[in-house]
Every structure is written in structure tokens, then in C-alpha cells.
Amino acid sequence: MKKRGLRVVTSVIMAATMLAASGCGSQPSTGGDSGADTSASDTEKKDDAAAESGDSGETETSAERQTVTFMTLDFNAGASNTGEYAEQILNDVEDYCGCDIEIEWVLNDVAEEKTTLALANPATMPMIMTYSGEMTGQIANAAKAGAYVNLNDYIWDSEKYPNLSQLNENVAKNLTVDGALIAIPRTRDIGRYGVSYRQDWAEAVGITEAPKTAEDMYNLMYKFTYEDPDGNGQDDTYGMEMTSYTGPFDIIQTWFGCGNGWAEVDGKLVPVHMQDEYIEALDWIKKCYDDGLMPADWTSRTTDTWSEGCKKGESGVYIDVMDGGRRIWDYFVNESSFTPSVVNAEEPASMNLLGAVNGKTLATSGYNGYFTLSASTCDTPEKIEAALTLLDRINDNDIRRLCEFGIEGINWEKDADGNLVDLDIEDTALANNYLGLNQIVPNIPRRDIEPAAVKNERTQRQAEVYAENEAVAVFNPALPYLANSTTYADLGSTLNDIISQARTQYICGQIDKDGLEAAKQQWLDQGGQAIIDEVNAQYSGN
């Protein structure tokens, strides 16, 4: 392989050498980033590593290095980890994590079929398997049959697994079957959901403090609708952007004390539409609709137009993921289509990424995809340790940066201020060298890579509100049990539609409270009660 005088992270090289000598047992240091030249001889590298570790260079024979088989998803049409530097990058990952890695790349559209085949042939099942989305009934049933290693017995050891042991316990519950933690999540931000609104509009209508309560939000939306926030003298604005996607209603419901899909009430798990607070939340949304604070035709607006109302200056409140609000803000400051503030035309319009209202917002599941360890092929303590050491150490800063950004001097460099600058954004072939390796990183704990790309005011605020939301985000306590409910697997989608349609009809005045109660009863009669029973049979046993 041609080296072209490659520079790689010194700590990665040193750690790899030390691991080769000591096996998988110790956690290497990942501090520092000197950009050493890989053209240095092997002897020089070993001498450097010995000096770093205080070792004379004389080492005992290491334990046998394990091979970890890893089936993961390929979203890059076969281009993942390919190209001139691909082998070197994977070798550096292997050396740092102290194992050999055999990756089987599987296209996402055939992943379910591959999973079924793997489960049918446990003796040849990859040691680590990657799944997309959230836990399914198929995986829950396989877990009950003993297909996976119970990770509760291992990952909470903070000395051996300093990264994995920081897994959020609420997220862990979502991947637990019959008390066994069967998977390690590919984590995502818990606090992504919340409220964003036009800050310059708020200033224009005299709102100087961010809304804290639902009443404050109503007042802001009312002023955005009726007090000419854009100053054009026309009655052409409204408060809240809304389309046929009703996710914003789920977020609003948490402001009133509703759960996230399900909630615990008197020691029992129930769907939120059975909570007393549910009707209070719907009445608030209905009042917003009746008072014209959201588009009258929202039920026929397609989701692909969702942020257009805010971008075009038609609406001022956007309730969904905070990065969606940030992207609207990005649009306002775009140099080629600068959107002036209504209070100072020399500055761009801006969004306030608020987040929670009444101290609550909706939590994500905390993950999007997950990894399992096969009980049939991770069949020795050494193999389990090798697999978990890989999944733990790959979260370390330098090796994660290698997986997500590639090699310093080739794929990225530091600017004069020490910030990371991508060099291969437009060079697909060069990016392919590391592309896809982010799919084997759990991102536990969630943190920025150092050096990091420059954060502007908008991305900095997004990061802050994610952190603020995490402390108050409402989780769905029923997720792990719904995956084990046979009735939910068969009828869940149909039953969800009954409640979703009734909610929309109630908000739009097409049915009254009696009609809403009739829909709830229909939900119970057509399988909802069975789901409640199945969920709580599991919940009471844990």
C-alpha cells in the first residue's frame, strides 16, 4: 500500500503497540495528537511506545488475539471502507482495539432477511450483529430463546468498559428482554424534540422572555397570528407551522403531563390517550386550531413542506426536532438568500431554539439501531471480552475520529485555531476509505470529537438545548414490553391509526368528546386491552 508520507494519530500508534504486547486487558491513553509520520520504522514506533509506557521494550508473550466477526449495515452501495487507505484505517482500528475484525457489510434493504438467516444458523452467526431502528418482536423472541449474551453481566464494569458503562439506564431499559440487556445501542440524542420560534418576530410583538408555560406559548402564537409580526400591514401570518404529520401533538402533550406514547399511572402502564391529561392537551391544541393559530388546511399539507411556512415568513413556531429549527435558522443566514430580521434589516432573522415547555418535552428512544452479541459464537469469556472491548474502545476520541473523519493530513486537517476541517467533502473516492465505519461505533457516551469542527452560534445553541432537554425529556416506559407483545406486533399499527385519526377529528371539530371516547373504546375492544394486559404482565414481573 502506498503511504504518501501519511500522518496518523500518535496515540493510536502507541496504543496499538502496547496492546499487541499486553492483550485486551488494559485501557490505552488516547490523549494527544502529534501527527506522527507513518514512514517511521517499526523499531522506532516500538521504542516510542515503550518510552510512553515506561517499558524497556521487553514484553511477555501476549494472549491469543481474538477475531471478532461483525455484521453491519452498508448504506453506501458497497463503497464502505474501500480505497487506497481503507486497509490501513481498519488495521489501525484493529490494533487499537486489540482484535482482528472481519466485517460483513449488508445492504439495509436485505438486512432483515440476513438477520433471519443468521438466527436460523446460530453456529455461524456473526459474533456482533447490527440492527437498524428499534427492537422488533423477532429480536425479542430470539432473546427469549437465548440467542444473545446478557450484557448486564459485563458492561457496567466501569474499569473494564469505561465507555459502555456510561450507557443511559433509560435507554438500556428499551433494549431489555425478561430482565436481560440484549443489545448495545447506537445512541442518538435523547433531547432532540422541542420548540423553536422566530426570535425577531417575538421581539417585534413585544415578547422579551422565552415562553415557559403552555399559556405563554398560546400568547406567543396568538401575537404571531394577529399582531403583524413581520410588519407588512397584512393579515398573512399564523403561529404554529403544522402539516399532516402529527408528531408535534405528541410533544405538546408532554407539556400537560402526558407520557411518551405510554405512561405509568397508579403502578400500571397505560397508553397516553387513557390519561386525564390527554384531553386537557387536546383541548389546548383544539383552541389553537379554532382560534386560527395554525393552518386551517394542516391535515392536507404534506410533510415535505413542513419547514416552508417558517422559511417563507408565514409562520413563526416550529415544533419538532431542534436540528430542524436550527436548519431554518441556517436558511435565514444563508449568504445567497439572506432573510433580514424584522427588527433590524442589517441582521438576519433568527430562531430561538427553546426546547421544553412546562419543564417537559418528548424523548427519543435514545438510539437508532443496536448491536447484539451472539451467545452461540461469543461462546467463551475471551470472545465476549474481545467483542465488548472493541465496542468500548472504538468510542475513544482518536479512534472514533478515525472512523468518522479518516486520516489527518489526508481526510482532514486542523486550521490555525485548531479546529477540524474536512478535506474530502467533495472527493467521494477518498472519503470511501473510512465511510461506513461510523456504523460500528455505539457513540457511548455521546460527546464531540476533538478537535471538533467549528461551531457557529446556531450549532452551539443546538448542542446546549440537547443537553438541557435530556434532563427533562419524557421516555416511553413501555417500549421494551411492546416489542414482546404479540398482539401489538399483529395489530399495533391499525390500533394506533384509530387513536391518531380520532385525535385529528377532535381537534378539527369533526367529533366531540363522546366521539373521542367511542374511539378509545374501539381501541380497547379491537385488541388494545390485550396489549395493555400483555405489557403489564411483563412490567409487573420486572
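Residues numbered from 1 in each chain as written. Predicted model: local features only at pLDDT ≥ 70, side-chain atom pairs only at ≥ 80, totals over all residues. Heavy atoms only, no water.

1. A look at the sheet that holds strand β14 (residues 351-355)
Heads up, the condition is: Only when DSSP finds a minimum of two bridges between them are two strands counted as paired. A run of H or I in DSSP becomes a helix once it reaches four residues, and a run of E becomes a strand once it reaches two; helices and strands are each numbered from the N terminus. Helix axes are fitted only over the stretch in contact, all axes being lines through C-alpha atoms; the angle between N-to-C directions runs from 0 to 180 degrees. In what follows, a contact means two residues having at least one pair of non-hydrogen atoms within 4.5 Å.
The strand order across the open sheet formed by four strands is β10-β13-β9-β14, and the pairing between neighbours is mixed. A single partner strand is all that each edge strand has here, and the edge strands are β10 (238-240) and β14. Strand-to-strand twist in this sheet, taken as the mean axis angle between neighbours without regard to direction, amounts to 20 degrees. Sheet analysis places strand β9 (residues 193-198) next to β14, joined by four bridges and oriented antiparallel. In the strand pairing of β14, Y197 is matched with N352. Its contacts with the sheet put helix α8 (residues 214-226) on β9, β10, β13 (315-321) and β14, and the angle it makes with β10 is roughly 145 degrees. Sheet contacts for helix α16 (residues 457-470): β9 and β14; angle to β14, the most-contacted strand, approximately 15 degrees.

2. Comments concerning the environment of Y238
Here is the rule: A 1.4 Å probe rolled over the protein chains alone gives each residue an accessible area, and that area as a share of the maximum for its type sets the label: buried under 20%, exposed over 50%, partly exposed in between. Between N or O atoms, a polar contact is any pair within 3.5 Å; within protein, one atom must be a potential hydrogen donor and the other a potential acceptor, and residues adjacent in sequence are included only when both atoms are from side chains.
Summarising the element assignment, Y238 is placed in strand β10. Exposure remark for Y238: the relative accessible area of 11% places this residue in the buried category. In the structure, Y238 is positioned 76 residues away from E314 in sequence and 6.4 Å away in space, judged by C-alpha atoms. Here Y238 is in contact with W201, F224, T225, G292, L293, M294, P295, R301, G309, E314, S315 and G316, once residues within four sequence places are set aside. A polar atom in the side chain of Y238 sits 3.2 Å from the side chain of E241.

3. Some remarks on the sheet that holds strand β16 (residues 367-373)
Within the open sheet, the five strands sit side by side as β4-β3-β5-β16-β8. Their pairing is mixed. Looking at the sheet topology across the chains shown, the edges are occupied by β4 (100-107) and β8 (184-187). Each strand axis lies, on average, 20 degrees off the axis of its neighbour in the sheet, ignoring direction. With four bridges connecting them, strand β5 (residues 128-131) and β16 associate as antiparallel partners. Looking across to β16, one finds that T130 is bridged to F371.

4. Description of helix α9 (residues 247-255)
Counting buried positions over the nine residues of α9 gives eight, a clear majority of the element. Burial in α9 covers these residues: G247, P248, F249, I251, I252, Q253, T254 and W255. Once α9 ends, the next one or two residues include G257, with phi positive near 100 degrees.

5. Some remarks on the pattern of salt bridges
Where we set the bar: In the sections that follow, a salt bridge refers to a side-chain nitrogen of Lys or Arg positioned within 4 Å of a carboxyl oxygen of Asp or Glu.
The tally for this structure, following the rule as stated, stands at 24 salt bridges. In this structure, D95 and R65 form a salt bridge, with 3.1 Å as the shortest nitrogen-oxygen distance. Of the two residues, D95 is situated in helix α3 (residues 86-97) and R65 in the loop between α2 (42-53) and β3 (67-74); the sequence distance between them amounts to 30 residues. A relative accessible area of 31% means that R65 is categorised as partly exposed.

6. A closer look at the confidence of the model for the protein chain
Any segment with low pLDDT has predicted coordinates that should not be analysed in fine detail. The criterion, for reference: The predictor attaches a confidence to each residue, called pLDDT, with possible values from 0 through 100.
Per-chain confidence: the protein chain averages 89 in pLDDT, with 88% of residues scoring 70 or above. Confidence over residues 1-62 falls short of pLDDT 50; this stretch has 104 contacts with residues more than four positions distant or in other chains.

7. Thoughts on the side chain of N433
Assignment of secondary structure puts N433 in the loop between α15 (428-431) and α16. Since its relative accessible area comes to 2%, N433 is described here as buried. Not counting chain neighbours up to four residues away, the residues in contact with N433 comprise N81, T82, G83, E84, Y85, A86 and I89.

8. Quick word on the pairing of β8
Both faces of β8 are covered, namely the face carrying I184 and R186 and the face carrying P185 and T187. Relative to β16, β8 runs antiparallel, the two sharing three bridges. Counterpart to I184 in the pairing with β16 is F371.

9. Points about the packing of helix α18 (residues 486-507) against helix α19 (residues 513-539)
We apply this condition: Oblique is the label for any angle not covered by the other classes, which are roughly parallel (under 35 degrees), roughly antiparallel (over 145) and roughly perpendicular (65 to 115). Here a crossing is called left-handed whenever its near helix is offset anticlockwise from the far helix by less than a right angle, and right-handed whenever the offset is clockwise. Residue polarity is assigned by list, with Asp, Glu, Lys and Arg as charged and Ala, Val, Leu, Ile, Met, Phe, Trp, Tyr, Cys and Pro as nonpolar; anything else, Gly included, falls into the polar class.
The interhelical angle for the contact between α18 and α19, taken along N-to-C directions, is 165 degrees, at an axis separation of 9 Å. One finds that α18 runs roughly antiparallel with respect to α19. Seen from above, α18 lies across α19 with left-handed handedness. Along the contact surface, α18 presents T486, T487, Y488, L491, L495, N496, I498, I499, A502, R503 and Y506, while α19 presents K513, L516, A519, K520, Q522, W523, Q526, G527, G528, A530, I531 and E534. Its residues assigned to classes, the contact of α18 with α19 comprises twelve nonpolar, seven polar and four charged.

10. What about unusual backbone geometry?
Omega for the peptide link from I444 to P445 comes to -5 degrees, which places this bond in the cis form. For P445, the position within the fold is in the loop between α15 and α16. Residue P451 is reached from E450 by a cis peptide bond, and omega for that bond is -5 degrees. Along the chain, P451 falls in the loop between α15 and α16. We note that D228 has phi near 50 degrees; this positive angle belongs to a residue other than glycine. Along the chain, D228 falls in the loop between α8 and β10. We note that D266 has phi near 55 degrees; this positive angle belongs to a residue other than glycine. If you trace the backbone, D266 turns up in the loop between β11 (262-265) and β12 (268-271).

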